[in-house]
Amino acid sequence: MILTGKQSWVFQNDLYINATGTAVGPKEKDGPLKETFDVTFDDLHCGEKNWELAERKLMNTAIETCIQKLNYTYDDVDFFLAGDLLNQNVTANFVARQNQIPFLCMFGACSTSMETLALGSALVDGGFANRIIAATSSHNATAERQFRYPTEYGGQKPDTATATVTGSGAALVSKEKGKVKITSATIGRVADYGIKDPFDMGSAMAPAAAQTISQHFKDLGREPSDYDLIVTGDLSGVGSPIVKDLLKEEGYNVFSTHNDCGLMIYRPDQNVFAGGSGCACSAVVTYGHLVEQIAKGELKRVFVVATGALLSPTMTQQKETIPTIAHGVVLESVEVEG
Amino acid sequence: MEYLIAFVCGGLICVVGQLLLDFIKITPAHVMTLFVVTGAVLDGFGLYDKFIEFAGAGATIPITSFGHSLLHGAMKGAEEHGLIGIGMGMFELTSSGISAAILFSFLAALIFKPKG
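Please read all numbers here as calculations on a predicted model, not as lab measurements. Numbering of residues begins from 1 in every chain and follows the order in which that chain's sequence is written. Throughout, the order in which chains and ligands are written sets their labels, letters from A for the former and numbers from 1 for the latter. Only residues with pLDDT of at least 70 are given local features in this predicted model, and only at 80 or more are side-chain atom pairs given and counted; all residues enter the totals for whole chains, interfaces and linings. Each side-chain value is worked out from all heavy atoms of the structure, with water and hydrogens disregarded.

**Brief notes about unusual backbone geometry**
Residues and elements named next belong to chain A. This is how it is decided: Each helix is a run of H or I in the DSSP string that is no shorter than four residues. Each strand is a run of E no shorter than two, and both are numbered from the N terminus. For every residue, the accessible area obtained with a 1.4 Å probe (protein chains only) is divided by the maximum for its type, and the residue is called buried under 20%, exposed over 50%, and partly exposed between those limits.
The backbone of Asn89 shows a phi angle near 50°, a positive value even though the residue is not glycine. Residue placement: Asn89 occurs in the loop between β4 (79–83) and α3 (90–99). Classification of Asn89 by relative accessible area gives buried; the value is 6%. The phi dihedral of Gln100 falls on the positive side, at around 60°, and the residue is not glycine. With respect to the helices, strands and loops of the structure, Gln100 is situated in the loop between α3 and β5 (103–105). The exposure class of Gln100 is exposed, given its relative accessible area of 63%.

Written out as structure tokens, the structure reads:
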């Protein structure tokens, strides 16, 4: 039975991340994980005429890098699952127009990275595909304009605000043996604790992450100590302490095993307020740094929980609260077997 | 002394704006419109002109003076042309400021590329 417990999948076949591709912008290049990214751009425009084209270039670059590592072409991939933060998911849709891989567009805000990876793995596990690519992207200038204010507007940001990561991450999943195994996934429920402030998404998303993590433990009968690392997507400096406290109330102590991609990708002195956010935040940290560590065996079992704030500017203007979601995928080092 | 008064008064208006942004959690656009309306209301009571006499540039530079100018223009228009004059006069005093904003934005957009 693949469905395990209430909302988790334990994959029946051995599924692997065969290759990943990451492309990031200048600020991420300047950060502590710079060595782990495949392609870095010195300019936020990435050599393109506008921000949207720049984001598309990032996603295209990430996917191309990913399949080139395996000497594949687009034809070798059965399905392409992707999403981003722009209206109507234009980055993913326009990239799919170009690469012509049969395409499933998905939106889970910043949880899209693990949403696409989980569903893509399920497709492969169920025999609906042999190889899939899961990809997502975000761009600082496009996302800030989409969800907050255009940066040219010069609105001040409070310390609880996060900085959208410029980048894109892609992963190719198949049953062909690789170094990083995908073993299970937990699909989240939408949580809403009544936060209205789009400048405090960390607080808004923390309950969704806590919900998914505790449900994962219950569904699989596991403990936090079964993991080397439980990493959330972009809760940042504000949401991370909240998720740890919420899980403690549920009887799960993750104080020593939890980290957040939003805190890993930048140095605190990079003017990023509470930390990094955006689809690319969890994607480039997971498909860069974490996959590298897992492949080397330095991390044996990692639970990546990507968190998404499902708001839109119109809903914010109508004074709605922010619904949030978190999806988690378990990645394991192949050496852990036996 | 004149400069000091202007600096302190203009600065205090900005302090109020910053406090509103930090503690009331309203958007920058709300603060701006609030200030414009405040300037217009104060002018309606004849207070803003006295404030300008006292603070000089400290009162004319902040956005509150835009409200003051709007009202002055509207009143003048109303005196000359009646009800329709309100609409005609409203932007008379402020038009050079608005035109300058459009012109200089255009020129800047021609030369520079946004940095994000």
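Picking up where we left off.
**A closer look at the UniProt feature "transmembrane region" (unreviewed entry) in chain B**
Residues and elements named next belong to chain B. Condition: UniProt positions are given in the numbering used here, feature names are shortened, and annotations may be inferred rather than shown by experiment.
Those places that UniProt annotates as "transmembrane region" (unreviewed entry) correspond, in this numbering, to residues 5–24, 31–48, 54–71 and 83–112. Taken end to end, residues 5–24 comprises 100% helix and 0% strand; its first and last C-alpha atoms sit 28 Å apart. The span residues 31–48 is 89% helical and 0% strand by assignment, and the distance between its end C-alpha atoms comes to 18 Å.

**Considerations on a nonpolar patch on the surface**
To keep things clear, this is the line we draw: Think of a patch as exposed residues, more than 30% relative accessible area, with no salt bridge, where like charges cluster within 9 Å and nonpolar side chains (Val, Leu, Ile, Met, Phe, Trp, Tyr) cluster within 5 Å. Note on areas: these come from Shrake-Rupley sampling with a 1.4 Å probe, and a residue is covered only by the protein chains present in the view. We define a salt bridge as a contact between a side-chain nitrogen of Lys or Arg and a carboxyl oxygen of Asp or Glu at a distance within 4 Å.
A contiguous nonpolar patch, built from Met1, Leu4, Phe7, Val8, Leu12, Val15, Leu19, Phe23 and Ile24 of chain B and spanning about 1000 Å² of accessible area, is present on the exposed surface. Following the sequence through the fold, Ile24 of chain B ends up in helix α1 (residues 2–24).

**Some points on the interface of chain A and chain B**
We count it as follows: Only heavy atoms enter the contact rule, under which two residues are in contact if any of them lie within 4.5 Å. Here the buried area means the combined drop in accessible surface, using a 1.4 Å probe, for two parts upon being joined, counting both sides. Definition of a polar contact: a pair of N or O atoms within 3.5 Å, with one able to donate and the other able to accept a hydrogen when the atoms are protein atoms, and with sequence-neighbouring residues admitted only if both atoms are side-chain atoms. Gly falls in the polar group here, along with every residue not listed as nonpolar (Ala, Val, Leu, Ile, Met, Phe, Trp, Tyr, Cys, Pro) or charged (Asp, Glu, Lys, Arg).
Contact with chain A, which involves 13 residues of that partner, is made by 10 residues of chain B. Interface area, chain A with chain B, both sides summed: about 830 Å², of which 53% is carbon and sulfur. Along the contact surface separating chain A from chain B lie 0 salt bridges. At the junction of chain A with chain B, the criterion picks out 1 residue pair in polar contact (both at pLDDT 80 or more). The residue makeup of the side of chain A that touches chain B, split by class, is 5 nonpolar, 4 polar and 4 charged.

**A few points about the pairing of strand β8 (residues 167–174) of chain A**
Every other side chain in a regular strand lies on the same face of the sheet, so the side chains alternate between the two faces. Residue and element names in this part refer to chain A. To keep it simple, the criterion reads: What makes two strands pair is DSSP finding at least two bridges between them.
When you tally the buried positions in β8, you get 8 out of 8 residues, the bulk of the element. A two-sided burial pattern is seen for β8, the buried positions comprising Gly167, Gly169, Ala171 and Val173 on one face and Ser168, Ala170, Leu172 and Ser174 on the other. With 8 bridges connecting them, strand β2 (residues 8–24) and β8 associate as antiparallel partners. Bridging across to β8, Ala19 finds its partner in Leu172. Pairing of strand β6 (residues 131–138) with β8 involves 8 bridges; the strand directions are antiparallel. Paired with Arg131 across the strands is Ser174, a residue of β8.

**Here we look at the state of the cysteines**
Residue and element names in this part refer to chain A. What counts is decided by this rule: Two cysteine sulfur atoms form a disulfide, by the criterion used here, when they sit within 2.5 Å.
Enumeration over the complete set of coordinates arrives at 0 disulfides over all chains. The closest cysteine sulfur to the non-disulfide-bonded Cys66 is located on Cys279, 17 Å from its own sulfur. Given the relative accessible area of 0%, Cys66 is considered buried.

**Details of the nonpolar core**
All names here are of chain A. What counts here: For our purposes a nonpolar core is just a set of buried Ala, Val, Leu, Ile, Met, Phe, Trp, Tyr and Cys residues, chained together by side-chain atoms within 4.5 Å.
Core analysis: the largest hydrophobic core is formed by 45 residues, its most contacted members being Ile17, Leu117, Ile182 and Leu331. Looking at this core element by element, the count peaks at 9 residues for helix α9 (residues 279–296). Setting aside anything within four residues of it in sequence, one finds Ile182 in contact with Phe11, Leu15, Tyr16, Ile17, Leu117, Ser121, Val173, Val329, Val330 and Leu331. Of all hydrophobic cores here, the second largest spans 31 residues; its members include Met201, Ala204, Ile230 and Phe303.

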